[in-house]
Amino acid sequence: MFQQDIKRRHFLQGIGVGAVSASLFGCAQTPEKRGFERPFSRKPLVAPKIDRNNIVTQVVGHRPFRAEGFVVRSEAFGEKVLVHNYGHGGGGITLSWGSSALAVNEVKTQENKQAAVIGGGVMGLTTARLLQEAGWKVTIYTREMARHTTSQVAGGEWGPYSVHDPKVSSDAFKQQLQLAAKIAHETFARMVGDDYGIQWMELYSASDTKPKGDSPFSQYYPYRETYGPNQPPFPTDYCTVSATMLVETTTFLRRLIQDVRLAGGEFVIRDFKDQEELHTLPEPVIFNCTGLGSRSLFGDQGITPAKGQLVLLPPDPAVDYLTVGGGTGSLYMFSRNDYMILGGTFGLDDWSTEPDPKETERILKESQQFFAGVE
């Protein structure tokens, strides 16, 4: 043992103190191999644990899609004023504050500030809150509370997309969409925090085709950078990385309901069968925030469901990013504090309410393939 200690001492003296320090404290002479450096987060990119055995549940929601775009307008309704605010497709959470602000602006000169809001999803709740902030007394009439609506099962990434068909919608609508997105983004950005379940996260938008340049909403995505083949560890040829806001819908909607009640708002559970029932309401102003319900209640045949199917896994705090793209459908992964959400369907005119097992298998398989190159 003594002879080994002597040999070790002579070896250390021979290689020098500097080399010993480098060895002991990790300051190696050769550069350490570095992986993909993320532009926003400074944490390592960790692959989500995707397995059929990890599924908590599956949910289905019907986005209220209109090819011409959402409707915000006021009109005479007998002795009342009717304001429409519906048809936002896949951008309901995203556009909620902006579209509702445009709707409330329709009655800014109204003297009798009592309003009935029809619909208890995100559009009805944000409309009610903006009315209350403007001094209105509000009653929300809804068939069911928000936790049972499509708003509850939305993924929640802030993105004004899947809202309209740009080949069909008018230039006037596209300008209206821009204004609603601007107002909504500014409002959400002021609400970031645990109270409303809103946080900034890194978003990876994957594609096999090179992005053409800035989109109409690029200004809302900081840290934006596009990578080519073999740069991020994903199988697609291109990937645009940016920062975006993620809205955890369960927390957000629950807090909005609380805010409405604290400001004196009331909720009435009621399912309106026809317009005649609306005329019996005591409020002189009615806001139609029924989403897909506007098809039957107001005869809008231009609105149709876009079925979305989500696979919910347990949350994984190590996965601090979102992904969109990379599959044969509209594949995405949203890592939230309540769930990890896998999605990838946009079934136009699909009224079915049960998850499709084939779509579940596709989402799981394509998600596993997409993250196969991530450690």
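Residues numbered from 1 in each chain as written. Predicted model: local features only at pLDDT ≥ 70, side-chain atom pairs only at ≥ 80, totals over all residues. Heavy atoms only, no water.

Enquirer: Looking at this structure, I do not really get the pairing of strand 2 (residues 71–77). What am I missing?
Expert: Pairing of strand 2 with strand 3 (residues 80–86) involves 7 bridges; the strand directions are antiparallel. Paired with Phe-77 across the two strands is Lys-80, which belongs to strand 3. Adjacent in sequence and paired antiparallel, strand 2 and strand 3 are bridged by 2 residues, among which Gly-78 carries a positive phi angle near 65°. (Pairing = 2+ DSSP bridges. Helix = DSSP H or I, 4+ residues; strand = E, 2+ residues; numbered from the N terminus.)

Enquirer: Please explain the packing of aromatic side chains as it appears in this structure.
Expert: Ring pairs (aromatic) are described by centroid distance and by the angle formed between their planes. For the structure on display, the rule yields 18 aromatic pairs. With a centroid separation of 4.9 Å and 75° between ring planes, the pair formed by Phe-70 and Phe-173 is classed as edge-to-face. In this pair, Phe-70 is assigned in the loop between strand 1 (57–66) and strand 2 and Phe-173 in helix 5 (residues 171–189), connecting sequence segments 103 residues apart. The residues Phe-70 and Phe-173 share a single accessibility class, namely buried. An angle of 80° between the planes, with centres 6.2 Å apart, marks the rings of Phe-234 and Phe-371 as edge-to-face. Here the residue Phe-234 occupies a position in the loop between strand 7 (225–227) and strand 8 (238–247), and Phe-371 occupies one in the segment after helix 9 (357–370), the gap between them amounting to 137 residues. A relative accessible area of 6% means that Phe-371 is categorised as buried. Connected via pairs of aromatic rings, a cluster forms that spans Phe-36, Tyr-204, Tyr-227, Phe-234, Tyr-321, Phe-370 and Phe-371. (Phe/Tyr/Trp six-rings, centres within 6.5 Å; stacked < 30°, edge-to-face > 60°. Buried < 20%, exposed > 50% of the residue type's maximum accessible area, 1.4 Å probe, protein only.)

Enquirer: Explain the confidence of the model for the protein chain to me, please; I cannot follow it from the model alone.
Expert: Caution applies to low-pLDDT parts of the model: their predicted coordinates are not meant to be read in detail. Mean pLDDT over the protein chain stands at 90; residues scoring 70 or higher make up 91%. A low-confidence stretch, residues 1–34 (pLDDT under 50), is modelled with 4 contacts involving residues beyond four sequence positions or located in other chains. (pLDDT = per-residue confidence, 0-100. Contact = heavy atoms within 4.5 Å.)

Enquirer: Please explain the pairing of strand 4 (residues 114–118) as it appears in this structure.
Expert: Put simply, side chains in a regular strand alternate between the two faces of the sheet. Extensive coverage of strand 4 is indicated by the burial of 4 of its 5 residues. Looking at chain direction, strand 4 and strand 5 (residues 137–142) are connected through 5 bridges and run parallel. From the neighbouring strand, Ala-116 faces strand 5, where its bridge partner is Thr-139. For the handedness criterion, the β-α-β arrangement of strand 4, helix 4 (residues 122–133) and strand 5 is classed as right-handed. Relative to strand 10 (residues 285–288), strand 4 runs parallel, the two sharing 4 bridges. What sits directly across from Val-117, in strand 10, is Phe-287. (Right-handed = clockwise from strand over helix to strand, strands pointing away.)

Enquirer: Would you mind showing me how to read the nonpolar core here?
Expert: For soluble globular proteins, nonpolar side chains are generally found buried alongside one another. Within the largest apolar cluster, 57 residues are counted, with the highest numbers of intra-cluster contacts made by Leu-125, Phe-188, Phe-252 and Phe-287. Ala-47, Ile-50, Tyr-204 and Leu-342 belong to the second largest nonpolar core, which has 22 residues in total. (Core = buried A, V, L, I, M, F, W, Y, C linked by side-chain atoms within 4.5 Å.)

Enquirer: Can you walk me through the packing of helix 4 against helix 6 (residues 249–262) in this structure?
Expert: Two packed helices can be described by the angle between their axes and the distance between those axes. Running from N to C, helix 4 and helix 6 cross one another at 35°; their axes reach a closest spacing of 10 Å. Here the hand of the crossing between helix 4 and helix 6 comes out left-handed. Only Phe-252, Leu-253, Leu-256, Ile-257, Asp-259 and Val-260 of helix 6 make contact with helix 4, whose side of the interface consists of Val-122, Leu-125, Thr-126, Ala-128, Arg-129 and Gln-132. A per-class count over the contact of helix 4 with helix 6 returns 8 nonpolar, 2 polar and 2 charged. (Axes fitted to C-alpha atoms, helices over the stretch in contact; angles between N-to-C directions. Left-handed = near helix turned anticlockwise from the far one by under 90°. Nonpolar A, V, L, I, M, F, W, Y, C, P; charged D, E, K, R; others polar.)

Enquirer: Looking at this structure, I do not really get the sheet that holds strand 2. What am I missing?
Expert: The strands making up a sheet are joined through hydrogen bonds of the backbone, oriented either antiparallel or parallel. If you trace the 6 strands from one edge of the open sheet to the other, you get 2-3-10-4-5-9, paired in mixed fashion. Looking along the sheet, the strands with just one partner apiece sit at the ends: strand 2 and strand 9 (266–269). Recorded for the sheet is a direction-independent mean angle of 20° between the axes of neighbouring strands.

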